[in-house]
Amino acid sequence: MICPELRFFIWVFHKKVHITQGDLEGKALIVSWVTQKARGSNLVLYWKEHSNKMLKAHGKSKKYNFYNYTSGHIHHCTIRNLEVHHHHYHNLFYHSVSDFVVLFLQYDTKYYYMVGVGQTERTFWFLTPPKPGPDVPYTVGLIGELGQSFDSNITLTHYENNPLKGQTILFVGDFSYADTYPNHDNNRWDIWGRFVERSTAYQPWIWTVGNHELDFAPQTGETKPFQPFKHRYRTPHRSSGSTEPFWYSIKRGLAYIIVLASYSAYGKYTPQYMWLEQEFPKVNKTETPWLIVLMHSMWYNSYDYHYMEGETMRAMYELWFIKNKVDVIFAGYVHGERSECISNIAYNLVNGICSPVKDLSAPVYITIGDGGNLEGLSTIMTEPQPKYSAFRDASFGHAISSIKNRTHTYYGWHRNQDGCAVDGDTMWFFNRFWHPIDDSPDDDS
Ligand SMILES: [Fe+2]
């Protein structure tokens, strides 16, 4: 596998490998990695399991500076089905992001891929999702505020060992917590990339930005937010017509997943608002029965910490969520909480009707911001527990959502202090379109 012309770079290590979905439908994949001292190879070789036909894709790399830190070469490479998206490839998608090359990613297939070709070769593998459709089961993992503490490691290990086997991670924000170190020490982004590689190299993590990705530090001259995130992580935002990587949609199996940005403007006429308005009509619940929204700052949170921080976005978008039959919202920020099926859309400023009420057409809100952060557990809650809150528990952990079919999803929250297979909180979700019955029990049993 060693090409003679590349021998010069033989000791360039290709590290911090991570993958994410690369298009709307799930037939493309973005592979990213970092080389530290020299640029190294930008080549990704990949091949289907049981096939000896090697395919190639070339990425592009870039470095960035943050205050007194200079990053390594950060590579991004998109593996995609050029046949389907040929037109877009040249005109629209990714043009400024990466070079890449033809290949035919098929649904529901295992692929191997290699980075560091001819240098320090490393091989990983991934599974492509099933074709978007209503009846193929799919299992997603949920992690938020992961950070890089001992708890973070336990959370990731529990997720990896969970017998329910999540096939992709919906990550609800707060990656490395580099911003909590002096001058936002960006080495922490590198360390985090190495820490999570054991999972992110093998299954796509779907990225949502959290408050710890803002990296807004005017005191050090860093006046443009999100720079480390933007350089290190890619999202397939253009394929859903988004103009920024912070909000976008993907289909994955029987789910349509909308990722929203709590820290980008979302008021009326803003780019995110205009995009979301166009986005909801595209959701076809016959093709993708489950409409999932990811965001960082939860609308219904009864912890003391970050209480009501999501309220302004709720005021903007909640009615849309109900009309368009969003099934569930996953967010981060604080630790475990699950809401009843509730809405607070009657309020019109003068009528005084401003409490959440039970609403069968409303989604369930699940807060899963309990990966392991650095701030420790925030345990102070609003007392008494508001009626809209069905379950809450300040522990570290992860969750798994097993989407069984068009009507049923089994949700389980797994606390780090329990065994990997133990559920700390569970619930059967019924689809808001296909099976809109009450899935919001008043007790926690
Ligand atoms: Fe956060």
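Everything here concerns the structure above.
Rules used in this analysis
- Residues numbered from 1 in each chain as written.
- Predicted model: local features only at pLDDT ≥ 70, side-chain atom pairs only at ≥ 80, totals over all residues.
- Heavy atoms only, no water.
- Helix = DSSP H or I, 4+ residues; strand = E, 2+ residues; numbered from the N terminus.
- Buried < 20%, exposed > 50% of the residue type's maximum accessible area, 1.4 Å probe, protein only.
- Contact = heavy atoms within 4.5 Å.
- Areas by Shrake-Rupley, 256 points an atom, 1.4 Å probe, with all protein chains shown as cover.
- Axes fitted to C-alpha atoms, helices over the stretch in contact; angles between N-to-C directions.
- Parallel < 35°, antiparallel > 145°, perpendicular 65-115°, else oblique.
- Nonpolar A, V, L, I, M, F, W, Y, C, P; charged D, E, K, R; others polar.
- 1 Å grid on protein atoms, 1.4 Å probe; cavity = no way out; pocket = protein on both sides within 12 Å on 5 of 7 lines; lining within 4 Å.
- Points joined across faces, edges and corners; volume = space filled by probe spheres on them.
- Donors = N, O, S within 2.8 Å, 3.2 Å for Na, K, Ca; no water.
- Expected span 1.5 Å × (residues − 1).
- Arc of directions from axis to C-beta.
- Phe/Tyr/Trp six-rings, centres within 6.5 Å; stacked < 30°, edge-to-face > 60°.
- Lys NZ or Arg CZ within 6 Å of the ring centre and 35° of its normal.
- Polar contact = N/O pair within 3.5 Å; in protein donor to acceptor, adjacent residues only side chain to side chain.
- Pairing = 2+ DSSP bridges.

Break down the overall build of the chain for me, citing the residues and quoting the values.
Summing up its helical and strand segments, the chain has 6 helices and 26 strands in all. The burial tally for the chain puts 61% of its 445 residues in the buried class. Contacts in the chain between residues far apart in sequence, at least 24 positions, make up 68% of those at least 6 positions apart. Carbon and sulfur atoms form 56% of the exposed surface of the chain, whose accessible area is close to 17,600 Å².

Help me get a handle on the packing of helix α5 (residues 271–279) against helix α6 (residues 311–323), residues and values and all.
In contact at an axis separation of 11 Å, α5 and α6 are set at 10° when each is read in the N-to-C sense. Classified by the angle their axes make, α5 and α6 are roughly parallel. Each of Q272, Y273, L276 and E277 in α5 lies in contact with α6, whose residues at this interface are M313, M316, Y317 and W320.

Tell me about the packing of helix α2 (residues 150–161) against helix α3 (residues 187–200), and name the residues and values.
Helix packing for two helices is described by the angle between their axes and how far apart those axes are. Direction vectors running N to C along α2 and α3 enclose 10°, while the axes themselves pass 11 Å from each other. One finds that α2 runs roughly parallel with respect to α3. Contacts between α2 and α3 involve S152, N153, L156, T157, Y159 and E160 from the first element and F195, V196, R198 and S199 from the second. Considered class by class, the residues forming the contact of α2 with α3 number 4 nonpolar, 4 polar and 2 charged.

Describe empty space enclosed by the protein, naming the residues involved and giving the relevant values.
Under the definition given, this model contains 4 cavities of 30 Å³ or more. The volume enclosed by the largest cavity comes to roughly 60 Å³. If you trace the largest cavity, you find it lined by K16, H18, V34, I74, W189, G193, R232 and Y233. Contributions of two or more residues to the lining of the largest cavity are made by β1 (14–21) and α3. In terms of residue class, the lining of the largest cavity is built from 4 nonpolar, 2 polar and 2 charged.

A description of the coordination of the iron ion should follow, citing residues and the corresponding values.
Each protein donor to the iron ion is listed here as D174 (OD), N211 (OD1) and H296 (NE2); together their distances run 2.0 to 2.2 Å. When the donors of the iron ion are listed by position in the chain, the intervening gaps give D-x36-N-x84-H. Of the two residues, D174 is situated in the loop between β13 (168–171) and α3 and N211 in the loop between β14 (205–207) and α4 (227–232); the sequence distance between them amounts to 37 residues. This pair shows no difference in class: D174 is buried, exactly as N211 is.

So what's going on with α2? Which residues, and what values?
An ideal rise of 1.5 Å per residue puts 16 Å on 12 residues; α2 measures up with 17 Å between its terminal C-alpha atoms. Taken as a whole, α2 has its buried residues at S152, T155, L156, H158 and Y159. The buried side chains of α2 occupy one side of the element, clustering within an arc of 160° when seen end-on.

Quick one: what's the story with the packing of aromatic side chains, residue by residue and with numbers?
Tallying each qualifying case throughout the model produces 40 aromatic pairs. Three or more aromatic residues link up through ring pairs in this structure, and these residues are F171, F175, W189, W192, W205, W207, F226, F229, Y233 and F246. Note that K110 overlies the ring of W125, its terminal NZ or CZ placed 4.5 Å from the centroid. The positively charged end of R406 is found above the aromatic ring belonging to W434, 4.6 Å away from the centroid.

Got a sec to walk through the side chain of E222? Specific residues and values, please.
The topology assignment puts E222 in the loop between β14 and α4. Separated by 2.7 Å, the side chain of E222 and the backbone nitrogen of Y67 make a polar contact. Leaving out residues up to four positions away in the same chain, E222 has contacts with N65, F66, Y67, D215, F216 and A217.

Run through the sheet that holds strand β19 (residues 336–339), naming residues and quoting values.
Taken together, 7 strands build an open sheet; the order of strands is β15-β16-β17-β18-β22-β19-β23 and the sheet is mixed. The open sheet has two edge strands, β15 (248–252) and β23 (389–393), and neither has a second partner. This sheet shows a mean twist of 15° between the axes of neighbouring strands, independent of strand direction. Relative to strand β22 (residues 364–367), strand β18 (residues 328–331) runs parallel, the two sharing 4 bridges. Looking across to β22, one finds that A331 is bridged to T367.

Everything listed here is a matter of geometry and, on its own, says nothing about what the molecule does.
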